[in-house]
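# Structural overview
In case you want the letters, here they are:
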Amino acid sequence: MHQTRNPDRKVPTRRMSFEESLREVPKHFAGDGDLIGSHLTATLSSVFPDGEEFFVRSVRRFRDQITEPALKKQVAGFIGQESVHGREHRAFNDRLSELGYPTKRLERMTDRLLRFRERLLSPKSNLAVTAALEHFTAVLGEMVLSEEQVRHELGHPAVRDLFVWHAMEECEHKAVAFDVYRAVGGSERMRIGTMKVLRLLFIVYIGGNVTLSLLGDAATYKRGNLRASLRRFRTSPLSSPVLWQRLKEYDARGFHPDDHDTNALLEQWSNELFGPEGTLNDKLATAVA
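Only a predicted model underlies this, so the values are computations on that prediction, with no experimental measurement involved.

Within this structure, the stated rule accounts for 22 salt bridges. A salt bridge links Glu249 to Arg246, with the shortest nitrogen-to-oxygen separation between them at 3.3 Å. A relative accessible area of 32% places Glu249 in the partly exposed class. Residues participating in the shared-partner salt-bridge network are Asp50, Glu53, Arg90, Asp94, Lys104 and Glu107.

Below, the structure is given as structure tokens:
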């Protein structure tokens with residue numbers, strides 16, 4: 001019996017470097033200089049580095065229980081991809097901090113909260129959190145890849161490149177932590193219950209920190225800025241009921257991330273970003289299969 005549903009899944013580690021291009025990012029970098037879009041993207045980026053490190057620790061604790069060569073290789077790729085994601089978002093967060101965003105404070109807070117959770121709860125519970133949050137990032141990643149409006153909302157080309165690459169790799173490894181959780185005997189009850197709690201906590205945590213970030217920006221107080229930005233956000237795919245429904249699919253018993261096929265989308269973007277004329281080949285140092 002396979003420990004992974006898809007033994008042919010490829011999870012390559014691409015060694016990327018966006019730091020130089022990110023130095024040119026302006027304060028309000030989102031599409032059309034949007035206020036909320038800039039602060040939401042900055043807040044999401046702020047939680048990625050320490051979140052990715054938590055994911056790696058959670059999966060690595062069970063690495064010795066994975067016996068199937070295919071899943072072992074996928075786990076190695078997962079760890080490699082997440083490590084590079086964390087490093088590149090930390091570089092982006094450094095630039096955002098220079099621009100006045102509270103990214104470094106939020107990095108520290110996220111790290112403290114996740115390490116407290118690790119001390120308080122079992123390794124399997126933390127793996128359940130990782131599998132659930134990987135569904136968040138995969139759904140958001142698919143939206144970035146499939147919705148031109150979302151890519152426009154990311155704004156500055158360097159930010160768009162960073163998030164499109166990240167989105168593609170989240171879709172590539174979307175089932176790895178989930179398959180590890182299943183392989184080590186994680187229950188459906190814990191998996192579903194974890195997601196139900198996380199959906200609420202994630203929205204509260206991100207929403208609260210976006211609000212605090214906005215309060216520290218002088219542009220928030222310029223007449224009409226916030227109102228116009230709120231109007232734009234209401235029409236964004238990121239605020240649509242479709243996103244919420246995709247996240248809730250995780251609650252179904254027997255759910256698997258591969259139930260939603262993204263192979264064609266991955267092939268399209270892998271070729272666009274890293275094919276012979278790939279737009280991100282200049283950011284690529286090495287790739288490990």
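Attention shifts here to a positive patch on the surface. Where like charges cluster on the molecular surface, the positive patch consists of Arg223, Arg227, Arg231 and Arg234. The topology assignment puts Arg231 in helix α10 (residues 225–234).

Any pair of aromatic rings gets described here by the distance separating the centres and the angle formed by the planes. By the definition in use, this model includes 10 aromatic pairs. For the pair Phe29 and Tyr101, a centre-to-centre distance of 6.3 Å together with 50 degrees between the ring planes defines the contact as tilted. Taken together, the residues Phe29 in the loop between α1 (19–22) and α2 (35–60) and Tyr101 in the loop between α3 (69–98) and α4 (103–120) connect sequence positions 72 residues apart. Across the pair, exposure class does not vary: Phe29 and Tyr101 are buried alike. With a centroid separation of 5.3 Å and 55 degrees between ring planes, the pair formed by Tyr250 and Phe255 is classed as tilted. A relative accessible area of 0% places Tyr250 in the buried class. For Phe255, a relative accessible area of 7% puts it in the buried group. Chaining the aromatic ring pairs together yields one cluster made of Phe29, Phe48, Phe92, Tyr101 and Phe163. Just above the ring of Tyr101 sits the side chain of Lys27; from NZ or CZ to the centre is 5.5 Å. When the ring centre of Tyr250 is taken as reference, the NZ or CZ atom of Arg191 above it lies at 4.7 Å.

Let us look at α4. For α4, with 18 residues, the first-to-last C-alpha span of 26 Å sits near the 26 Å given by 1.5 Å per residue. Every buried residue of α4 is listed here: Thr103, Leu106, Glu107, Thr110, Leu114 and Glu118. For α4, the buried positions fall inside an angular range of 110 degrees around the axis, keeping them on one side. Exposed and oriented more than 90 degrees from the buried face of α4 are Arg112, Arg119 and Leu120. Those residues of α4 hidden inside the fold are in contact with α2, α3, α5 (123–146) and α9 (188–215).

Thresholds, definitions, all that
Every chain's residues receive numbers from 1 upward, in the order its sequence appears when written. Reporting in this predicted model follows two pLDDT cut-offs: at least 70 for local features of residues, and 80 or more for side-chain atom pairs to be given and counted; totals over whole chains, interfaces and linings ignore these cut-offs and use all residues. Computation of side-chain values: all heavy atoms of the structure, hydrogens and water removed. When a carboxyl oxygen of Asp or Glu is within 4 Å of a side-chain nitrogen of Lys or Arg, the pair counts as a salt bridge. Residue exposure (1.4 Å probe, protein chains only): buried if accessible area is under 20% of the type maximum, exposed if over 50%, otherwise partly exposed. Like charges within 9 Å and nonpolar side chains (Val, Leu, Ile, Met, Phe, Trp, Tyr) within 5 Å are joined into patches, using only residues over 30% in relative accessible area that form no salt bridge. Each accessible area is a Shrake-Rupley result for a 1.4 Å probe, and residues are judged covered by the shown protein chains and nothing else. Neither His nor the chain termini are counted; the positive set is Lys and Arg, and the negative set is Asp and Glu. Charge positions come from single atoms, namely NZ of Lys, CZ of Arg, CG of Asp or CD of Glu. Each helix is a run of H or I in the DSSP string that is no shorter than four residues. Each strand is a run of E no shorter than two, and both are numbered from the N terminus. Stacked, tilted and edge-to-face are the three classes applied to pairs of Phe, Tyr and Trp rings, where Trp contributes its six-membered ring and a pair requires centres within 6.5 Å; stacked means planes under 30 degrees apart, edge-to-face means over 60, and tilted covers the rest. Counting as a charge over the ring demands two things of the Lys NZ or Arg CZ atom: a distance within 6 Å of the ring centre and an angle within 35 degrees of the ring normal. The length a helix should cover is 1.5 Å for every residue beyond the first. Read the arc as the range of directions from the helix axis to the C-beta atoms. Contacts are assigned to residue pairs that have any heavy atoms within 4.5 Å of one another.

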